[in-house]
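Next come the chains, spelled out residue by residue.
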Amino acid sequence: MQLSSSKGFSLAETVIALGVLATGVIGAAGVLTAGMANLNSSPADVVMTQKATQAIEAVFSARDSHKLSWSQIRNVNGAAGDGGIFIDGPQPLTTPGSDGLVNTADDGPVETVTLPGPDQIIGTGDDQVITLGGYTREIMIRDVANENGELRSIVVTVTFQNGGTKRSYTLTSFISSYS
């Protein structure tokens, strides 16, 4: 009896190896696609975080400067007709009005942002001015339970539609009646 010394891969082994390789390549392509989508929305993510932070800082500033009374730092309708000055529900990303606060009745037009052009220097002729029309901002101000109306939560949610996906950023803070 003579044994064969031929060595190599059978057809079945080759098909299985190709299947494993194809699965790995398809998985890597999926990760690459998701990464590109996140990279594409990166400037929008920065805008969302900045606009949420600016809204909360403006509320603190209005309280500290006594531009607003404590009873005004609420939503118009809120939980039960709160009677404050902040409009309920998602609103377009507008410029602040004469009161210096966003999401109030005196807001201006939709905000714009200036980004550097191809030379990556702001203030040159190739800058891009982008209108923030695809964004919304919601400010919810509610009393914190068991705090005798002296502490409120501020929840700012900024949302942006990026192609087929909706991205949102929520920032929560607390404000007290003491400035």
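Being a predicted model, the structure only gives us computed values, none of them experimental. (Residues numbered from 1 in each chain as written. Predicted model: local features only at pLDDT ≥ 70, side-chain atom pairs only at ≥ 80, totals over all residues. Heavy atoms only, no water.)

Taking 1.5 Å per residue as the helical rise, helix H2 (residues 42-64) with its 23 residues ought to reach 33 Å, and the 33 Å between its terminal C-alpha atoms agrees with that figure. Next to the buried residues of H2 lie strand S4 (135-143), strand S5 (151-162) and strand S6 (165-176). Where H2 ends, the next residue or the one after it, His66, has phi of about 65°, a positive value. (Helix = DSSP H or I, 4+ residues; strand = E, 2+ residues; numbered from the N terminus. Expected span 1.5 Å × (residues − 1). Contact = heavy atoms within 4.5 Å.)

Another aspect to go through is the packing of aromatic side chains. Applying the stated criterion to the full structure yields one aromatic pair. Aromatic side chains Tyr135 and Phe160 sit 4.4 Å apart centroid to centroid with 25° between the ring planes, which places their arrangement in the stacked category. Remark: Phe160 occurs in strand S5 and Tyr135 occurs in strand S4; sequence separation between them is 25 residues. Each member of the pair, Tyr135 as well as Phe160, carries the same accessibility label: buried. Over the ring of Trp70 we find Arg152; its NZ or CZ atom is 4.0 Å from the centre of that ring. (Phe/Tyr/Trp six-rings, centres within 6.5 Å; stacked < 30°, edge-to-face > 60°. Buried < 20%, exposed > 50% of the residue type's maximum accessible area, 1.4 Å probe, protein only. Lys NZ or Arg CZ within 6 Å of the ring centre and 35° of its normal.)

In spatial order, the strands read S1-S4-S5-S6; together these four strands make up an open sheet with antiparallel pairing. Of all the strands in the sheet, the pair left with one neighbour each is strand S1 (91-92) and S6. Judged from the two bridges that link them, S1 and S4 form a sheet pairing that is antiparallel. Across the sheet, residue Pro92 finds its bridge partner in S4, namely Thr136. (Pairing = 2+ DSSP bridges.)

So, on to the pattern of salt bridges. Side-chain pairing between opposite charges can occur once the charged atoms of the two side chains come close. The full count for this structure, using the stated rule, is six salt bridges. The salt bridge partner of Arg74 is Asp82, with a shortest N-O separation of 3.8 Å. Between Asp143 and Arg152 there is a salt bridge; the shortest N-O distance is 2.6 Å. Here Arg152 falls in the buried class, since its relative accessible area comes to 2%. (Salt bridge = Lys/Arg side-chain N within 4 Å of Asp/Glu carboxyl O.)

This next bit is on the confidence of the model for the protein. Caution applies to low-pLDDT regions: their predicted coordinates should not be interpreted in detail. Mean pLDDT over the protein works out to 88, with 94% of the residues at or above the 70 mark. Within the protein, S1 carries the highest mean pLDDT (95), whereas helix H1 (residues 11-40) carries the lowest (84). (pLDDT = per-residue confidence, 0-100.)

So, about the nonpolar core. With 26 residues, the main nonpolar core has Ile73, Phe86, Tyr135, Ile139, Ile154, Val156 and Val158 as its most contacted residues. Where this core is concerned, the elements lending two or more residues are H2, S4 and S5. A per-element tally of this core places H2 first, with nine residues. Tyr135 has contacts with Ala44, Val47, Met48, Gln91, Pro92, Leu93, Val158, Thr159 and Phe160, leaving out every residue within four places of it along the chain. (Core = buried A, V, L, I, M, F, W, Y, C linked by side-chain atoms within 4.5 Å.)

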